[in-house]
Amino acid sequence: MLREKQILKPAIFFVMILFILVGCNKNSEKKPISNSNEGANNEEVTLTFMMWDDWGQGFANIKEKVEKQFPHITVKNIGGDTGNKEWIEEALTAQTVPDIIFAHRQYHVALLKEYELNYDMTDLLEKHDFDLSRYDPGHLDEWKSWANGEIWLLPFMADRYALQYNKDIFDLFGVEYPTDGMTWEEVISLANQVTGERNGVQYQGLDITGNGHLPMSQIIGRTQLIDPETEEVLWTENPYVKQWLEMVDKVYHTPGNEIPEGEDPWIESRTLAMRALWIDMATPEDLNFDLVTYPQWEAAPNIGPLAGGWAFGITEPSEHKEEAMEVLKFLYSDEYIGILGESPIHAPFNHLFVDQDIDEMLSGERLEKFKGKNLQALYKLEAPGGPESRSEFDVGAIQQIEHMGTNFIESGLDVNSYLRELREMEEIRIKDEKGAS
């Protein structure tokens, strides 16, 4: 009996050979490679992006990579982003509903909700086995905090911050360079040592007024700014806000370290010793600089500023959510994530950089200047995250905090008087916003 089962009749054998040949020929045809077979039917699909037109080669790179990977998918861009009502209204009026929308600020999700474009991608991400563990949890929390704990937008870039310093100025003053892990107090103390006049030139030790929300986010990132239920202003009463203003006051009332006027002291006059800011692509190639970790608060060790960045999200009215998620999963892969942001070093997954030779990732004229720098400092601190819930009036609070340092110095007020005035301004703002809604 066993032997009979092993012997095939000629006719059956011939039919099986035909099936094998047909199958081999079919499999030899070029097929699109997908990261997941779920939801993919290979029908011709056009995915519409809403993203900046002037973002370098951003969309051109996306179009090239996506259409090569998915021959049945065509991508087009209608321009714009989530932060501009006119762009959104123009698109919807023309009945051009974007499938994938671009944001460069977390709080731009407010407009997504206003125009019913917001869509929680959580289930779709799980269905397509999208690996969220690659993110710093605090980075994701920043975006989720503006979306009621949901994932409306998924960052493909992280802002990278550092304390950058001009080595020539430190050499001129005979002072040791900054090191990783310094606190704000240590940096301010160091700034005093490189503030002064040399050879008829006045040098400034530290500039910290710009983007005041960055140091604030390190220490109050997870606390509420405006009470979402009572609409009470909370952030102006936070003791760390007062402490920050006292530090700003100390820095800019150090003789010789006043807020500079005229030329950019970092790029043009080159009279600024240190600045705590994002890594700047505009830094001149011939500037003798390096960088260390962004200054930390003693009460929040190893915590950096908001990771922020740029993000994409799938919209609620999109009729191609499955295909859109396939595309995002492909673009957010470790292999391609570096083509999406401002540069490869802005990719949001720290595992791509830690203990790696980052110089190998630096190609092109814009990035050559960063070779040999302490770029590992960009990835040593954790993102602060965001509160569990937010008020609709948090957007205005963030915008106020962004300019708080400069506004405080220009006000000429003492810290306590400025905080009282700031609270009154916030209360008036909230009433105005409520009246306009």
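The preceding data block contains the structure.
Residues numbered from 1 in each chain as written. Predicted model: local features only at pLDDT ≥ 70, side-chain atom pairs only at ≥ 80, totals over all residues. Heavy atoms only, no water.

Right, let's get into the packing of aromatic side chains. Going through the model one piece at a time under the given rule, you end up with 27 aromatic pairs. Consider the rings of W184 and Y294, whose centres lie 5.5 Å apart with planes at 85 degrees: the pair is edge-to-face. With W184 in helix 9 (residues 184–193) and Y294 in the loop between strand 9 (289–292) and strand 10 (311–314), this pair connects stretches of sequence that are 110 residues apart. Here W184 falls in the buried class, since its relative accessible area comes to 2%. The interplanar angle of 85 degrees and the centroid separation of 5.6 Å between the aromatic rings of Y240 and W297 together place this pair among those described as edge-to-face. With a gap of 57 residues between them, Y240 in helix 11 (residues 239–252) and W297 in the loop between strand 9 and strand 10 connect regions that are remote in the sequence. Exposure remark for Y240: the relative accessible area of 27% places this residue in the partly exposed category. One aromatic cluster is present, built from ring pairs that chain together F49, W52, F59, F102, F130, F156, W310, F312 and Y332. The residue whose ring lies beneath K373 is F289, and the NZ or CZ to ring-centre distance is 4.4 Å. Cation over ring: R390 sits above W146, and NZ or CZ is 3.9 Å from the ring centre. (Phe/Tyr/Trp six-rings, centres within 6.5 Å; stacked < 30°, edge-to-face > 60°. Helix = DSSP H or I, 4+ residues; strand = E, 2+ residues; numbered from the N terminus. Buried < 20%, exposed > 50% of the residue type's maximum accessible area, 1.4 Å probe, protein only. Lys NZ or Arg CZ within 6 Å of the ring centre and 35° of its normal.)

Time to look at unusual backbone geometry. For N148, which is not glycine, the phi dihedral falls at a positive 55 degrees. Examined against the element boundaries, N148 turns out to sit in the loop between helix 7 (137–145) and strand 4 (154–155). Unlike most non-glycine residues, N199 shows phi in positive territory, near 55 degrees.

Here the focus is the sheet that holds strand 8 (residues 272–278). Overall, mixed pairing links the 5 strands, which are arranged 6-7-8-5-9 in an open sheet. Unpaired on one side and paired on the other, strand 6 (196–198) and strand 9 mark the two borders of the sheet. For this sheet, the mean inter-axis angle between neighbouring strands, taken without regard to orientation, is 30 degrees. Where strand 5 (residues 161–166) and strand 9 come together, 4 bridges link them in antiparallel fashion. From the neighbouring strand, Y165 faces strand 9, where its bridge partner is D290. (Pairing = 2+ DSSP bridges. Axes fitted to C-alpha atoms, helices over the stretch in contact; angles between N-to-C directions.)

For helix 15 (residues 404–411), the set of buried residues is M404, G405 and F408. Looking down the long axis of helix 15, one finds its buried residues gathered within 100 degrees of arc, a one-sided arrangement. Residues of helix 15 that are buried make contact with helix 10 (213–220), helix 11, helix 14 (394–402) and helix 16 (415–436). Phi turns positive, to about 75 degrees, at G412, one or two residues after helix 15. (Arc of directions from axis to C-beta. Contact = heavy atoms within 4.5 Å.)

The pairing of strand 6 with strand 7 (residues 201–207) spans 3 bridges and is antiparallel. In the sheet register, R198 faces strand 7, and the bridge partner there is V201. The pairing of strand 7 with strand 8 spans 3 bridges and is parallel. If you follow Q204 over to strand 8, its bridge partner there is L272.

What follows deals with the pairing of strand 10. Alternating positions in strand 10 separate into two faces, A311 and G313 on one and F312 and I314 on the other, with burial throughout. Two strands pair when backbone bridges link them, and strand 3 (residues 100–103) and strand 10 are joined in this way by 4 bridges, in the antiparallel orientation. Paired with A103 across the two strands is A311, which belongs to strand 10. Note that strand 4 and strand 10 share 2 bridges and pair antiparallel. Directly across from P155, in strand 10, lies its bridge partner A311.

Let us now look at the sheet that holds strand 10. Pairing between the strands of a sheet is mediated by backbone hydrogen bonds and can be parallel or antiparallel. Across the sheet, 5 strands lie side by side as 2-1-3-10-4; this open sheet has mixed pairing. This sheet does not close on itself; its edge strands, each paired only once, are strand 2 (73–77) and strand 4. The pairing of strand 1 (residues 45–50) with strand 3 spans 2 bridges and is classified as parallel. Directly across from M50, in strand 3, lies its bridge partner I101.

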